[in-house]
Structures are given as C-alpha cells and as structure tokens.
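For reference, the chains in residue letters:
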Amino acid sequence: MDAGAKLAVIGGTFDPIHYGHLIAAEHARVQLGIDKVLFIPTGRPPHKTSQAVTAWEHRLRMLQLATSDNPAFGISSLEEPKGEFSYSIDTIRRLRSLNPASLIYFLMGADALLTIDTWKDYQQLITLCCFVVVTRPNYVIDRSHPVLNTLPDEWWQEMRQVEIPAMDISSTDIRSRVAAGKTIKYLLPRQVEEYIYDHDLYRGGMKS
Ligand code: ATP
Ligand code: MG
C-alpha cells in the first residue's frame, strides 16, 4: 500500500457472507475515503466455541465469490486456522507490521462493539487502529452502556460512526432459513447462494 493509504479490515466468521457485510464495507469505504477493505475470515473464533463453524475453505470461497467484482475489496488469510484461536489484536499487529505506512481502520457492526470487553487486550487494541462502527438494526451505540462507558474520551473522539442503509440480515438467519427450506434469495449474492446449494451447506439442521 502507498504511504498514508487508508486500509480497512472487517473481521467475521462470514458463515456465510451476505449483503449486510458488503454494504457495511462499501459505505464505510466511500464515506471515509478508504483505499482498500480487507475481509478477514476468522479461523477459530474464540467467542463461537460452542457452535460448529463451517470449514474455513468454504467461508473463504464464498467471500471470494462475493467480493471479486469490487476492486477495492480484498481478502486476507491472516487468520487461517492453525490450531490456535485467532485474536483481533494479533491480526491488527501483523497488519501494521506488513503495512507500516498505512492508516488502519477496523470496521465492525454496532453489535460487535458492544462485546468489546470480551476481546483479548482490547484496551491496547483501541490504541492500534481507528475503530469504524457501522449502524446495524436493533443495536444502539450509547456511551452510557456499561461496556462502552469504560472507553476513554480520546477514543470516542477518534472513533467513526458510519450510517449505512439498514440491512436486517444475519448469517444466523440465513443458516436457519436454508435448514428450514426457506428462501435466501436477495439476502446475499447469487453466486454465494448457488455455492451454498451446490455444496449442501447449512442443510443438515442448524450448525448454530
Ligand atoms: P452471525 O449471525 O453468525 O453472528 P453475522 O451476520 O453477525 O453472523 P459476522 O460474520 O458475525 O456476521 O459479522 C462480521 C462483522 O460484520 C461484524 O462486525 C458484524 O457486526 C458486521 N455485520 C454483520 N451483519 C451486519 C449487518 N446486517 N449490518 C451491519 N453490520 C453487520
Ligand atoms: Mg455476528
């Protein structure tokens, strides 16, 4: 990346990727003048240990199908599973050393921010990148929230909140729709929908 380039990352299980993720990434990119958005599928997400997560290769392939038409989007394999859990702080540190001249933005939905107290070394993480929180239906960012009121004033000054067209779409809902034989058309790109059916994903009852 060029010196001073703005690099954003959005992490998630992407099980599967859907239009909520794509709209969040694209609207944040345009509103903040970001050069590149990297989607980073988590290997073994520490917060989803009790649920079976679809194989990383399937999730990666669906990400490729969904993002290939946007030259500003890319995918990073930094959290490819190697046995251990993946933590955002380690990923951001590695991204900073791989892109020392770039400004790193960490994109997430409002629901993700509300769980920040469960993230490894989050007090340090918030000093390493600029947080960008996009609106998500049913989640409100309120500074008096017991988790959020521990975050320092300077952090609130730097954090960006981006309003995006509301998309009440979740991967959980998509998985349960497939399991129940309901339509998922228009909730995610057609190629991802076809991939799900071709590989018989999410059919054998709920994986989570
Ligand atoms: P699941 O239901 O399995 O948790 P999800 O739809 O929440 O899936 P994740 O992979 O958990 O998707 O989310 C990755 C990131 O994208 C998180 O920061 C999450 O807040 C954000 N995100 C997901 N869906 C939306 C949406 N509809 N609107 C805004 N942000 C979203
Ligand atoms: Mg989620």
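This is a predicted model, so every value here is computed, not measured.

1. Considering the side chain of T91
Next up, step 1: By the element assignment, T91 lies in helix α3 (residues 88-98).
Next up, step 2: Residue classification places T91 among the buried residues on the basis of a relative accessible area of 8%.
Next up, step 3: Among the polar contacts made by the side chain of T91, one reaches the side chain of E79 at a distance of 2.5 Å.
Next up, step 4: Other than its neighbours up to four places away in sequence, T91 contacts I40, L78 and E79.

2. Structural notes on the packing of helix α2 (residues 56-67) against helix α8 (residues 190-198)
Next up, step 1: The geometry of α2 relative to α8 is characterised by a closest axis approach of 8 Å and an angle of 150° between their N-to-C directions. Here α2 is positioned roughly antiparallel relative to α8, judged by the angle of their axes. α8 is crossed by α2, and the crossing has right-handed handedness. Facing α2, whose interface residues are H58, R61, M62, L65 and A66, α8 presents Q191, V192, Y195 and I196.

3. Things to note about the site of ligand 1
Next up, step 1: Taken together, 22 residues are adjacent to ligand 1, and H18, D111, M167, S171 and T172 come closest.
Next up, step 2: Taking G109, its main chain carries an N or O atom lying 3.0 Å from an oxygen atom of ligand 1.
Next up, step 3: Backbone polar atom of M167 to a nitrogen atom of ligand 1: 2.8 Å apart, as the coordinates give it.
Next up, step 4: For ligand 1, whose accessible area on its own is 600 Å², the fraction buried by protein is 91%.
Next up, step 5: Among the secondary structure elements, those contributing two or more residues to the shell around ligand 1 are β1 (6-12), α1 (19-32), β4 (103-109), α4 (110-113) and α7 (171-179).

4. With respect to the pairing of β1
Next up, step 1: Of all seven residues in β1, five are buried; the element is thus mostly enclosed.
Next up, step 2: Pairing geometry for β1 and β4, over five bridges, is parallel. Residue pairing across strands places A8 opposite Y105, the latter belonging to β4.
Next up, step 3: Handedness of the β-α-β unit built from β1, α1 and strand β2 (residues 36-41) comes out right-handed.

Conventions adopted
Note that residues are indexed from 1 along each chain, following the sequence as it is written. Think of it this way: whatever chain is written first is A, whatever ligand is written first is 1, and the rest follow in order. With pLDDT at 70 or above as the cut-off, local features in this predicted model cover only qualifying residues; side-chain atom pairs require 80 or more to be listed or tallied, and sums for whole chains, interfaces and linings still use all residues. Hydrogens and water molecules were not included; the side-chain quantities draw on all heavy atoms of the structure. For the purposes of this entry, the term helix denotes a DSSP run of H or I that reaches at least four residues, the term strand denotes a run of E that reaches at least two, and both are numbered from the N terminus. Each residue gets one of three labels from its accessible area relative to the maximum for its type: buried under 20%, exposed over 50%, partly exposed in between, using a 1.4 Å probe on protein chains only. Identification of polar contacts relies on pairs of N or O atoms within 3.5 Å, with a donor-acceptor requirement for protein atoms, meaning one able to donate a hydrogen and the other able to accept it, and with residues adjacent in sequence counted only if both atoms are side-chain atoms. Only heavy atoms matter for contacts: two residues are in contact if any of them lie within 4.5 Å across the pair. Axes here mean lines fitted to C-alpha atoms, for a helix over just the part in contact, with angles spanning 0 to 180 degrees between N-to-C directions. Angular relationships are summarised with four words: roughly parallel below 35 degrees, roughly antiparallel beyond 145, roughly perpendicular across 65 to 115, and oblique for the angles in between. Crossing chirality is assigned from the near helix's rotation relative to the far helix, an anticlockwise turn below a right angle marking it left-handed and a clockwise turn marking it right-handed. In this text, near means that some heavy atom of the residue lies within 4 Å of the molecule or strand in question. In this description, accessible areas are obtained by the Shrake-Rupley approach with a 1.4 Å probe, and a residue is regarded as covered only by the protein chains that are shown. Note: two strands are recorded as paired if DSSP finds a minimum of 2 bridges between them. Seen with its strands pointing away from the viewer, a crossover is right-handed when the path leading from the first strand over the helix to the second is clockwise.

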